[in-house]
Amino acid sequence: MSVNKVSSSGSESPRIDAGMKNGGYVSDVEPQTHLDSAAEVAYVVDHHAERALCRKFDFRLLPVLAIMYLFNALDKGNLGNAKTAHLEDNLGFKKNQYNIILSVFYVPYVLFAPVLGMLGKKYGPARVLPLMMAGFGSMTILTVAATNFGGMMALRWFLGMAESAFFPLVIYYLTTFYRRGELARRLAIFYAASNIANAFSGLLAYGVFRIDGTPLYPWRYLFLIEGSLTFLFAIFVWFYLPKNAAEAKFLNEDEKKLAHHRIQVDSSSVVNEKFNFKDSMKIFRQPSAYAFLAIEICLGVPLQSVSLFLPQIVGRLGYSAVKTNLYTVAPNITGAVMLLILAFSSDYTRRRGPFIVLGFLFTFIGFIIYASIDVLHQKHIAYFATFMMCWGTSAPSVLLSTWYNNNTPNEGRRIVLTSVGVPLANVMGLVSSNIFTPQSAPNYIPALATTAAFGATGALCAGLLSVYMVVDNKRRDRKLGRKLNIQEVPTELLRDGPSVPEFRWFL
C-alpha cells in the first residue's frame with residue numbers, strides 16, 4: 001500500500017491519499033496521537049472505494065430502515081385519521097378524553113427512551129429495534145379490540161413505551177456506518193418516510209373509511225391493517241439487519257476494514273465502544289448539551305402539532321372527513337421533498353445551524369399565516385400555509401439530531417444525548433394535545449399562535465448556538481496559531497469533546 005502524506009499550513013486541508021495494494025486500505029496506518037501547529041495529517045481513504053461502500057450501505061440499510069420508520073409513524077399518528085371517522089363517538093369519549101389519550105402516549109415515551117437506548121447500545125440496535133417494532137405493531141393491532149376510554153389509555157401507554165427509543169437508536173445505528181458529513185442526507189431519506197407515512201395514512205384512511213356494511217367501524221380496519229403489516233415486517237428485520245459493519249455479510253474483509261477506518265477517523269472516538277453508564281452520563285457536564293435540548297423543546301411543539309393535528313387544521317377549510325384526509329397528502333409529500341433539499345444542502349456545505357434556522361422560519365410563517373387570515377374566504381392561501389408547516393417541521397428534526405451527533409464523538413454519550421433529546425421533542429406533544437382543545441375548535445387560534453411562538457424561539461436559539469460555535473472555533477484557532485479544518489482531526493482524538501484543544505464544532 002502506498003501512502004502519500006500531504007502536509008499543509010494555514011487553511012489548506014491536508015490528507016493522506018491511500019492507494020490499494022493487495023486489497024489493503026489505510027486502516028493499517030496508525031494515526032498521530034497529537035497535532036502540532038505547523039502540519040496536520042487527516043486520513044482519507046480511496047474515494048472510489050468509499051463511494052462503493054456507501055452505495056452498499058445505502059441500498060442494504062436505508063430502504064429497510066425507512067420502511068421501519070414509515071410503520072413507526074403510521075402506528076403513532078393514525079389516531080388523528082381515526083378521529084375524523086368518529087372514533088370519539090364510537091368509544092363514548094367525554095370532553096377532553098381524546099386529548100388525554102394523545103397526552104398519555106408521551107409519558108412512557110420519555111421515561112423509557114433512555115433505558116431502551118442504553119439497552120440498544122449494549123445489545124445492538126439490530127436486535128432491539130425489531131423487538132420494539134413488534135411491540136408497537138402489537139399495540140396497534142390490539143386497538144381494534146378497544147371498547148372504551150380505559151382500554152385506549154392502556155394501549156397508548158404501552159405504544160409509547162414500545163416506540164420510545166426507536167428514532168434515537170436508528171440515528172445511533174447509522175452513525176456506526178457513515179461519516180459525519182454523510183449523515184444528514186441519509187437520515188433525511190430515512191425520516192422522509194414519516195412524511196410519506198402521513199401522506200400514505202391519509203390515502204389509506206380515504207380508502208378504508210369508505211368501507212361500510214361490516215361488523216367493524218371503518219377506523220378499526222385502519223388499525224388492523226397498519227398493525228399487522230408492522231408486526232410482519234418486524235420479523236423480517238430481525239433476520240436482516242447486520243449488528244455492525246464488522247458482521248455485515250454483504251461486505252468482504254477489505255470493505256469491513258475500510259468501514260471501521262472511516263468511522264474511527266470521522267464519527268466515533270472508539271468504534272463499537274463498550275457501553276459505560278458513568279462515562280456516558282458525562283455528556284450532561286457539557287453546556288452545549290443543554291442548548292441542543294432547548295432547541296429540541298422548541299422543535300417539539302410544531303413537530304407534534306403537525307403530526308397529530310394536521311387533519312384538524314386542514315378540516316378548518318370546510319371539507320368532508322374523506323376529503324380532509326385526502327388533502328393532507330400533498331403537504332406531507334412536499335414536506336419530505338423540502339427535507340431532502342435542506343439535508344442534501346446541509347451535507348454539501350457541511351453546515352447544520354443555518355438550515356435548522358430556515359426550517360423553523362418556515363414553521364413560524366406557516367402558522368402565522370393560517371392564524372391571521374380568514375381561512376374560509378382565502379382557502380388557497382390557507383392551504384399553502386399548511387405546506388409551509390410541513391416544510392418547517394421535518395428538516396429541523398433531522399438536522400438537529402445530526403448536529404449534536406456530529407459533535408459527540410463518544411458513542412456512549414451520543415446515544416444518551418439522543419435518547420433524551422428526541423423524546424424531549426416528542427413529549428412536547430403534551431403541549432400540542434392540550435392547546436388544540438375542543439373549546440378552541442374549529443379555528444384553534446391560541447394553538448396556532450403558540451406553535452408559531454415556539455417556531456420563532458427555536459430559530460433564535462439555533463441561530464445563537466451557531467454564532468457561538470463559529471466564535472468558539474475562531475478562538476481555538478487563534479490559540480493554535482492557525483486555522484484548523486474540522487476534517488483534519490480524526491475523531492479518535494476527540495473522545496472528551498470540547499475539552500480537547502483540537503476539537504472544532506461541526507457547524
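The shown structure was predicted, so the numbers you read here are calculated from the model rather than taken from an experiment. Every chain is numbered on its own, with residues counted from 1 as its sequence reads. Confidence filtering applies because this is a predicted model: local features only for residues at pLDDT of at least 70, side-chain atom pairs given and counted only at 80 or more, and all residues used for totals across whole chains, interfaces and linings. Based on all heavy atoms of the structure, the side-chain values leave hydrogens and waters out of the count.

Enquirer: Now, about unusual backbone geometry: what can you tell me, with residues and values included?
Expert: The omega angle of the peptide bond from Ala441 to Pro442 is 0°, so this bond is cis rather than trans. Positive phi outside glycine occurs at Lys95, with the angle close to 40°. Tracing the backbone shows Lys95 in the loop between α3 (87–90) and α4 (97–104). In this structure, Arg350 takes a positive phi of about 55° despite not being glycine. Each helix is a run of DSSP H or I of at least 4 residues and each strand a run of E of at least 2, with the numbering of both proceeding from the N terminus. Structurally, the position occupied by Arg350 is in the loop between α15 (329–349) and α16 (353–372). With a 1.4 Å probe rolled over the protein chains alone, any residue whose accessible area is under 20% of its type maximum counts as buried; one over 50% counts as exposed, and the rest are partly exposed. Judged by relative accessible area, which is 18%, Arg350 ranks as buried.

Enquirer: Describe the side chain of Asp266, listing the residues and the values that go with them.
Expert: On the secondary structure map, Asp266 appears in helix α11 (residues 253–266). For Asp266, a relative accessible area of 8% translates into the label buried. Identification of polar contacts relies on pairs of N or O atoms within 3.5 Å, with a donor-acceptor requirement for protein atoms, meaning one able to donate a hydrogen and the other able to accept it, and with residues adjacent in sequence counted only if both atoms are side-chain atoms. A polar atom in the side chain of Asp266 sits 3.5 Å from the side chain of Arg179. In this analysis, two residues are considered to be in contact whenever any of their non-hydrogen atoms come within 4.5 Å of each other. If sequence neighbours within four positions are ignored, Asp266 has contacts with Arg179, Arg180, Gly181 and Thr491.

Enquirer: Would you mind going over the state of the cysteines in detail, with residue names and values included?
Expert: Note on disulfides: each one is a pair of cysteine sulfur atoms within 2.5 Å. Applying the stated rule across the entire model yields 0 disulfides. Not part of a disulfide, Cys298 finds its nearest cysteine sulfur in Cys461, a span of 4.5 Å.

Enquirer: Could you give an account of the layout of surface pockets, with specific residues and numbers?
Expert: Here a cavity denotes a set of grid points, spaced 1 Å apart and computed over the protein atoms alone, in which a 1.4 Å probe fits but from which it cannot get out, and a pocket denotes an open set meeting protein on both sides within 12 Å along at least five of seven lines; residues with an atom within 4 Å of a point are reported as lining. Grid points are joined across faces, edges and corners, and a volume is the space filled by probe spheres set on the points. The space that makes up the second largest pocket amounts to roughly 340 Å³. The wall of the second largest pocket is formed by 16 residues, among which Arg351, Asn473, Lys483, Ile486 and Leu507 lie closest to the centre. No other element matches helix α20 (residues 445–480), which puts 4 residues into the lining of the second largest pocket. For the lining of the second largest pocket, a count of residues per class yields 6 nonpolar, 4 polar and 6 charged. Gly counts as polar in this scheme, as do all residues outside two lists: the nonpolar Ala, Val, Leu, Ile, Met, Phe, Trp, Tyr, Cys and Pro, and the charged Asp, Glu, Lys and Arg.

Enquirer: Can you explain the nonpolar core? Please cite residues and give values.
Expert: Among the buried residues, those of types Ala, Val, Leu, Ile, Met, Phe, Trp, Tyr and Cys that are joined through side-chain atoms within 4.5 Å form a nonpolar core. One finds Phe57, Leu65, Met68, Leu241 and Tyr370 to be the most contacted residues of the largest nonpolar core, which totals 148 residues. Looking at which element gives the most residues to this core, the answer is helix α13 (residues 287–315), with 14 residues. If we ignore the near neighbours within four places in the chain, the residues touching Phe57 are Leu62, Phe177, Tyr178, Ala245, Phe250, Leu251 and Ala259.

Enquirer: Go over α15 with me, naming the residues and quoting the values.
Expert: An expected span of 1.5 Å times one less than the residue number is assigned to each helix. Between its terminal C-alpha atoms α15 stretches 31 Å, which fits the 30 Å expected from 21 residues at 1.5 Å a residue. Of all the residues in α15, the buried ones are Val329, Pro331, Asn332, Gly335, Ala336, Met338, Leu339, Leu342, Ala343, Ser346 and Asp347.

Enquirer: Describe in detail the environment of Ala192, supporting the description with residues and values.
Expert: Within the secondary structure, Ala192 is located in helix α9 (residues 183–208). For Ala192 and Ile263, which are 71 residues apart along the polypeptide, the C-alpha to C-alpha distance reads 25 Å. Leaving out residues up to four positions away in the same chain, Ala192 has contacts with Ala336 and Leu339.

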